[in-house]
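Next come the chains, spelled out residue by residue.
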Amino acid sequence: MYTESINEIIAHFIGLFESEVEMARMRIRYLGGRADEDSVRLPPSDAPVRLDPPGHVELSDYTPGVSYRAPHYGFHIEVHTGKLLTPRHHDPDDLTGFHFRHRMTSSPDLPPDRLPVQHELIIHTGPGSAITHVVQSNLLQDDDYLDMTGGPRLFYDLSYVNQRLAEYWLKGDALNPFSDFHRTDTYEGVKALADRAHEAISLLAESGVSSLGTGNDQDFVAAGKELDGSWVNGKSTTETLKMDEAMPDRGIAKPHEEPEGVEGSASQIGGAENSLTVAAGANVLANEFSLVDSGVISPVMAVMGNYQQVDSIVQTWVYSDQDKVDDIFTKPADHHATVANNIATFARTSYDLPPATATTEDGTPAFPSAWRVSVINGDVSFVNWTEQYHFMTDNDVMTVTTTGSSASVLTGGNVSLNLASFLGLSLQYDLVIVGGNVLDMNMISQLAVLYDNDTVKAGAGAGAGATVQTSNNLLWNEASIHNIGLNNRFDTMPDYVSKAVQHINDRNGSLPDGMASDSLFAGKQGLNVLYITGNIFNINYIRQTSVLGDADHVTQAASTLLKNSAGANVSIDTGSNVVGNSAHIVDYDSFGAKTYLGGQLYSDAVLIQSGIVENDTSIAHLMTGGLANELVAFLHDDATGSHSTDGVFNNGHDWSWASAHPADVMQTAVA
């Protein structure tokens, strides 16, 4: 900017200089080289002439297009005398300034023409909307093949695993009455979602049902105007469950800890340990999202229309864990069955802002005498729409044997995480006036799907004594909605709110009657007011889906050397998977005092917890007639040169995972 200013000065000077030179040339041509006559000169004066102006003149840069706006003037008028004092400059944003302390007192003896003039109300711009759309998705295919005997590769058809996963996903999704909700930013779209949720929840509450009547292993429903408490698998409880304490032992797949140092030298007596440890499961899928939303911070809110709030938690898990293990194997001492938990918490508490402490000269609480007004024309939206997805398959085919030394085989142990958090902060106001309606929705949907049907066989000549763990899986759905602002804060609309709106529209700077005397504003010298002409919709929607297929086929073969099998310690784990979803919402609806309502209050809350245990008996069949179908499709040479385009991937929307590639580059490990 400084360089541009100098360029302007130089260009201006050059242009002026060229004009003066041209004028001199024209004058010389006109006079023909003769000097000016004395008659055209001014008469001499005896007084000295000062060519430069008196005083110091500061040289400043040339700045074209200067815009000027007069500052706000605050006039102190002495009402009793009508004397106008010196105007003072004040910051219009300063609520404690002189211009917000109106010391004018009315006097019946003062003529009407000497009454103080009401200043025009200055309108400020309020904060805007905040909309976030987050989609996190992971797609992983880790189907490994391992043969420690060096024999020919055996192909098993495991395509049924993906089919079962799709079926279980659809079954679980059908138990969610809000599964077809799609993200939207318009008031009409959000209103349609709120109306649908209100109708569904009201129907459940009025019917008084405690289940959906599906006959599933877990089927629980709680609906009403408000829910408060915690539920675990459909039962109310005060016990707090922690996922860290319920995590299964992942064996060799868990992260390594730093070794502890020992003093002196380390020694080992005897040969290497003859052991074989196999971990084909131990996968972890987890979605985690936390949200803190303050919206608009204000202890007092006035809503001219309706106030509608919806809280919803829908949790579903579906799993199949039907394993086929030969009788020659034994279960370890810490063998556990698959555990599935739906954990939900609803809470509603209050938070009060620190009280104002301004007082008058006699020590009594002061009341506001002026206000600062910000206006938002139209609707204000606070939308946080988050979707998290995991799709993973870890179908391993292995033939393992002892080697006479310590061997560890890890074909699982995958970890896939979606982590996100959001903190919504806003400006603080003493009063928020909403000209339309308020929609406040908090919705959490969680679905966990696991297919862990494993097959563990013993080959001919394989020794006994191997321990096999095929279960010990954990499915975990945890959700909580914590609203700040009690439902008893609603009250009828006072008269001064409509007057305040009229004053704002008329640009009337005086406080309306009744506002300054409201006990909620005691201790404040001035009020910071936000007026929203339209509606407010505050939407927090979280959808989490985790799907894992871990159907392993393990065969223990006899070692080619007899000494390698003697006294061998064999441990095989095809389970110990974790499929988890965790979502938490903290929504600040109010900061303590009061919410005035001109319309109706609609409050709905619902909890749906479902669980399905499948007993699928599908097994992997050995393919002896040729290559796998996917290999045939990949290697097929189409002589006609035609290419089919009939393949369809139903991705629902614009999710990027539809075109994702498997994350495991080394699809197969062959030993």
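Look up: the structure comes first, before these words.
First, a word on scope: everything that follows refers to the structure included in this document. (Residues numbered from 1 in each chain as written. Predicted model: local features only at pLDDT ≥ 70, side-chain atom pairs only at ≥ 80, totals over all residues. Heavy atoms only, no water.)

Concerning the nonpolar core
Next, step 1: Phe178, Phe181, Trp385, Met441, Phe537 and Ile539 are the most contacted members of the largest nonpolar core, which totals 22 residues.
Next, step 2: At the level of secondary structure, the elements contributing two or more residues to this core comprise helix H3 (187–207), strand E15 (307–320), strand E19 (380–393), strand E24 (438–451), strand E30 (536–549) and strand E35 (601–614).
Next, step 3: Counting residues per element, this core draws most heavily on H3, at seven residues.
Next, step 4: Excluding residues within four positions of it along the chain, Phe178 makes contact with Ala197, Ala200, Ile201, Ser312, Val314, Met443, Tyr541 and Val606.
Next, step 5: The next biggest cluster of nonpolar side chains, apart from the first, holds 20 residues, and it includes Val300, Ala302, Ala500 and Met515. (Core = buried A, V, L, I, M, F, W, Y, C linked by side-chain atoms within 4.5 Å. Buried < 20%, exposed > 50% of the residue type's maximum accessible area, 1.4 Å probe, protein only. Helix = DSSP H or I, 4+ residues; strand = E, 2+ residues; numbered from the N terminus. Contact = heavy atoms within 4.5 Å.)

Some details on the sheet that holds strand E20 (residues 397–400)
Note on sheets: strands pair through backbone hydrogen bonds, and any given pair is parallel or antiparallel.
Next, step 1: An order of E7-E20-E31-E25-E16 is seen for the five strands of this open sheet, with the pairing classed as parallel. Every other strand in the sheet has two partners, leaving strand E7 (145–147) and strand E16 (324–325) as the edge strands with one partner each. (Pairing = 2+ DSSP bridges.)

Thoughts on the sheet that holds strand E11 (residues 235–237)
Next, step 1: Spatially, seven strands are ordered E11-E10-E17-E27-E33-E13-E22 in an open sheet, and the strand pairing comes out mixed. Where the open sheet ends on each side, the last strands, each with one partner, are E11 and strand E22 (415–424). Ignoring strand direction, the axes of neighbouring strands in this sheet form an average angle of 10 degrees.
Next, step 2: Both strand E10 (residues 229–232) and strand E17 (residues 339–349) contribute to a ladder of four bridges, which runs antiparallel. (Axes fitted to C-alpha atoms, helices over the stretch in contact; angles between N-to-C directions.)

Regarding the pattern of salt bridges
Next, step 1: In total, this model carries 12 salt bridges according to the counting rule given.
Next, step 2: The residue Glu167 makes a salt bridge to Arg164 at a minimum N-O spacing of 3.8 Å. Separated by three residues within a single helix, Glu167 and Arg164 lie in helix H2 (residues 159–174), roughly one turn from each other.
Next, step 3: For Glu167, a relative accessible area of 37% puts it in the partly exposed group.
Next, step 4: A relative accessible area of 16% means that Arg164 is categorised as buried.
Next, step 5: For Glu387, the salt bridge identified is with Arg183, shortest N-O distance 3.8 Å. Here Glu387 is found in strand E19, whereas its partner Arg183 is found in the loop between H2 and H3, with 204 residues between them in sequence.
Next, step 6: Among the residues examined, Glu387 registers a relative accessible area of 6% and is labelled buried.
Next, step 7: Its relative accessible area of 27% is what places Arg183 among the partly exposed residues.
Next, step 8: Salt bridges sharing common partners tie together Glu226, Asp311, Arg348 and Asp589. (Salt bridge = Lys/Arg side-chain N within 4 Å of Asp/Glu carboxyl O.)

Side note on the environment of Met304
Next, step 1: One can find Met304 in the loop between strand E14 (300–303) and E15.
Next, step 2: Spatially, the C-alpha atoms of Met304 and Gly599 are 6.4 Å apart, while their sequence positions differ by 295 residues.
Next, step 3: Apart from the residues lying within four places of it in its own chain, the contact partners of Met304 are Val434, Gly435, Gly436, Met493, Val497, Gly598 and Gly599.

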